[in-house]
Amino acid sequence: MMKSEEVMRILENAIRIGKGVIRYGSVASYIPELAKADKNKLGICLYTIDGNQFETGNTEDRFTIQSISKVMALCLALETFGAEFVFEHVGVEPSGEAFNSLVELDNRSNRPFNPMINSGAITVASLLVNHYSIEDMQKYMQDVCEDPEIAVDEAVFQSEMATCARNKAIAYLLKSKEIIDTDVEDSVTFYTKMCSMSVNARDLAMFGLLLANDGVQLSTGKRLISSQTVRMVQTIMLTCGMYDGSGEFALRTGIPTKSGVGGGLLSVSKKKMGIGIYGPSLDKKGNCIAGCELLGYISEALHLHIFDTREWKVEE
Ligand code: GLU
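For every chain, the first residue of its written sequence is number 1, and the numbers climb from 1 along that sequence. Given that this is a predicted model, residues contribute local features only at a pLDDT of at least 70 and side-chain atom pairs are listed and counted only at 80 or more, while totals for whole chains, interfaces and linings are drawn from all residues. Derived side-chain values reflect all non-hydrogen atoms in the structure, with water molecules and hydrogen atoms excluded from consideration.

Enquirer: How would you sum up the overall build of the chain? Please name residues and give values.
Expert: When helices and strands are tallied, the chain shows 13 helices and 10 strands. Atoms counted for the radius of gyration: C-alpha only. Globule rule: 2.2 Å times the number of residues to the power 0.38. Scaling as 2.2 N^0.38, a compact globule of 316 residues should have a C-alpha radius of gyration of about 20 Å, and the chain matches this with 18 Å. For the C-alpha atoms alone, the extent of the chain along its principal axes is close to 55 × 40 × 35 Å. In this scheme, a residue with accessible area under 20% of its type's maximum is buried, one over 50% is exposed, and one in between is partly exposed, where area comes from a 1.4 Å probe on protein chains only. For the chain, the residues scored as buried account for 59% of the 316 residues in total. Numbering of helices and strands runs from the N terminus; a helix is a DSSP stretch of H or I covering at least four residues, while a strand is a stretch of E covering at least two.

Enquirer: Give a detailed account of the site of the ligand, specifying residues and quantitative values.
Expert: Residue proximity to a molecule or strand is established when one non-hydrogen atom of the residue lies within 4 Å of it. Close to the ligand lie 12 residues, the nearest being Tyr30, Gln66, Ser67, Tyr191 and Tyr243. Between the ligand and glutamate 160 there is a distance of 2.8 Å, counted from a nitrogen atom to a side-chain nitrogen or oxygen. Tyrosine 191 places a side-chain nitrogen or oxygen 2.7 Å from an oxygen atom of the ligand. Surface accessibility in these figures is a Shrake-Rupley result with a 1.4 Å probe; residues are shielded only by whichever protein chains are displayed. When the free accessible area of the ligand is taken as 290 Å², the share hidden by the protein chains comes to 99%. Polar contacts, as used here, are pairs of N or O atoms within 3.5 Å; protein pairs need one atom able to donate a hydrogen and one able to accept it. Residues neighboring in sequence count only if both atoms are side-chain atoms.

Enquirer: Which residues make up the sheet that holds strand E5 (residues 151–152), and what are the values?
Expert: We treat two strands as partners when DSSP finds at least two bridges between them. With respect to topology, 3 strands assemble into an open sheet ordered E4-E6-E5, the strand pairing being antiparallel. The open sheet terminates on both sides in strands that have one partner only, identified here as strand E4 (63–64) and E5. Sheet topology note: the E4/strand E6 (residues 197–199) ladder contains 2 bridges and is antiparallel. Within E6, the residue paired with phenylalanine 63 across the bridge is valine 199.

Enquirer: Kindly report on the pattern of salt bridges, identifying the contributing residues and their values.
Expert: Just to be clear on terms, a salt bridge is a Lys or Arg side-chain nitrogen sitting within 4 Å of an Asp or Glu carboxyl oxygen. Here the structure, examined in full by the defined rule, presents 13 salt bridges. Linking arginine 310 and aspartate 308 is a salt bridge whose minimum nitrogen-to-oxygen distance equals 2.8 Å. For arginine 310, a relative accessible area of 38% translates into the label partly exposed. If you follow the salt bridges from partner to partner, you end up with Glu55, Glu60 and Arg202 in one network.

Enquirer: Let's hear about helix H6 (residues 134–145): which residues, and what values?
Expert: The span you would expect from a helix comes to 1.5 Å times its residue count less one. For H6, with 12 residues, the first-to-last C-alpha span of 16 Å sits near the 16 Å given by 1.5 Å per residue. Between two residues, a contact is recorded if the distance between any of their heavy atoms is within 4.5 Å. Along its buried surface, H6 packs onto helix H2 (69–81), helix H5 (118–128), E5, helix H9 (184–195), E6 and helix H10 (201–212). Note on H6: the residue one or two positions beyond its end, glutamate 146, has a positive phi of about 55 degrees.

Enquirer: Any chance you could break down the pairing of strand E3 (residues 53–57) for me, citing the residues and the numbers?
Expert: In this sheet, E3 lies alongside strand E2 (residues 43–48) in antiparallel orientation, the contact comprising 5 bridges. Its bridge partner being in E3, glycine 43 is matched across the sheet by glycine 57.

Enquirer: Tell me about the environment of valine 268, residues and numbers included.
Expert: Positionally, valine 268 belongs in strand E8 (residues 264–269). Sequence separation of valine 268 and arginine 252 is 16 residues, and the distance between their C-alpha atoms is 15 Å.

Enquirer: Tell me what's going on with the UniProt feature "binding site: substrate" (unreviewed entry) in the chain, and back it up with residues and numbers.
Expert: UniProt positions are given in the numbering used here, feature names are shortened, and annotations may be inferred rather than shown by experiment. Under the local residue numbering, the UniProt record ascribes the feature "binding site: substrate" (unreviewed entry) to Ser67, Asn118, Glu160, Asn167, Tyr191, Tyr243 and Val261. Note on serine 67: relative accessible area 6%, which makes it buried. Considering the arrangement of structural elements, one finds asparagine 167 in helix H8 (residues 165–176). Note on asparagine 167: relative accessible area 6%, which makes it buried. Setting aside chain neighbours within four positions, we find asparagine 167 in contact with Asn118, Ile122, Glu160, Val188 and Tyr191. Side chain to side chain, asparagine 167 and asparagine 118 meet in a polar contact 2.9 Å long.

Enquirer: Just give me the short version of the side chain of serine 126, but keep the residues and values in it.
Expert: Here serine 126 shows up in helix H5. Note on serine 126: relative accessible area 3%, which makes it buried.

Enquirer: Residues and numbers for the sheet that holds E2, please.
Expert: In any sheet, the strands associate via hydrogen bonds between backbone groups, in a parallel or an antiparallel arrangement. One open sheet accounts for 5 strands, arranged E3-E2-E9-E8-E7; its pairing is antiparallel. Two strands in the sheet have a free side with no partner beyond their single neighbour: E3 and strand E7 (257–259). Averaged over all pairs of adjacent strands, the angle between strand axes in this sheet comes to 10 degrees, irrespective of strand direction. Direction of pairing for E2 relative to strand E9 (residues 273–278): antiparallel, over a ladder of 6 bridges. The partner of tyrosine 47 across the bridge, within E9, is glycine 274. Comment: axis = line fitted to C-alpha atoms, over the contacting stretch for helices; angle = value between 0 and 180 degrees taken between N-to-C directions.

Enquirer: Report on the nonpolar core, specifying residues and quantitative values.
Expert: Buried Ala, Val, Leu, Ile, Met, Phe, Trp, Tyr and Cys residues form a nonpolar core when they are joined through side-chain atoms within 4.5 Å. Among the nonpolar cores identified, the biggest contains 60 residues, and Met72, Val86, Leu128, Met137, Phe207 and Ile225 are the most heavily contacted of them. If one sorts the elements of this core by residue count, H2 sits on top with 9 residues. Excluding anything up to four places from it in sequence, phenylalanine 207 contacts Val71, Met72, Cys75, Val144, Cys145, Ile225 and Leu266. Among the nonpolar cores identified, the runner-up in size contains 30 residues, and Leu42, Phe249, Ile289 and Ile298 belong to it.

Enquirer: Give me the lowdown on the side chain of lysine 272, citing residues and values where you can.
Expert: Structurally, lysine 272 is set in the loop between E8 and E9. Setting aside its immediate chain neighbours within four residues, lysine 272 contacts Tyr47, Thr48, Ile49, His303, Leu304 and Trp312.

Right, dumping it as structure tokens:
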């Protein structure tokens, strides 16, 4: 049993540890609007399965979800089309390449490696765009995060649309290989809009809690996502969620996590908690530098590694 004060003390330590490395990272600048972020921001929120909330730092600050939307899009696609159909279009292997690479797609494969890199996520978006409007996607995100305020950040959306030649190149390559059959512009627009939804660390923690609770919303007891989807999505987060740093991160923390270049981290600790982090200073691979550091510490302190067999429970 761990006391609530003990958990808070661990979180405060974690923030201190995270702050110590912020200066070694930098904010994303390839989307011009993201370069305006304050690199010193850092916040973490934990929602536990037994109904506790712990948070410290900048947990109310809004930022764009970016690649973390790939997790929601994958959930919705799996629930709508079934795993067999989705994985006919996109694989589940770590690519070992940067998030926006198209090299391996062109040379070695007729399917994007996985749904957590841009080529895979644009493919998933192309499946969704046939069935859903971006408003449907927004509503889905609002539901799984329990936040009706989630909306497209127009400034970031426009900024990325003006600079997304590479994502368009990926989409045209996908189209030329007949991996996607929808309109390239529609698919890229849908993908970019879902990446531009603005969230905060609490939203990510709430979505993490939903996954940690096997897809059942804690507040209502309602099942929003099937167990099978939750298992598949977490597996892919663990193996592919942190760009080409996924293996090292999994070894160190053992927590299924997805990062986004807006500075967000979504982490899931099965039957324990959801964790949301915001810190826009990124490491070389595009992951929140402070978040990775502090999750390493939290994983050890709270026994969150997926293969850690030690008991964990908060005492009021
Ligand atoms: N919208 C961003 C892009 O496609 C997402 C990148 C990310 O968060 O990894 O470049």
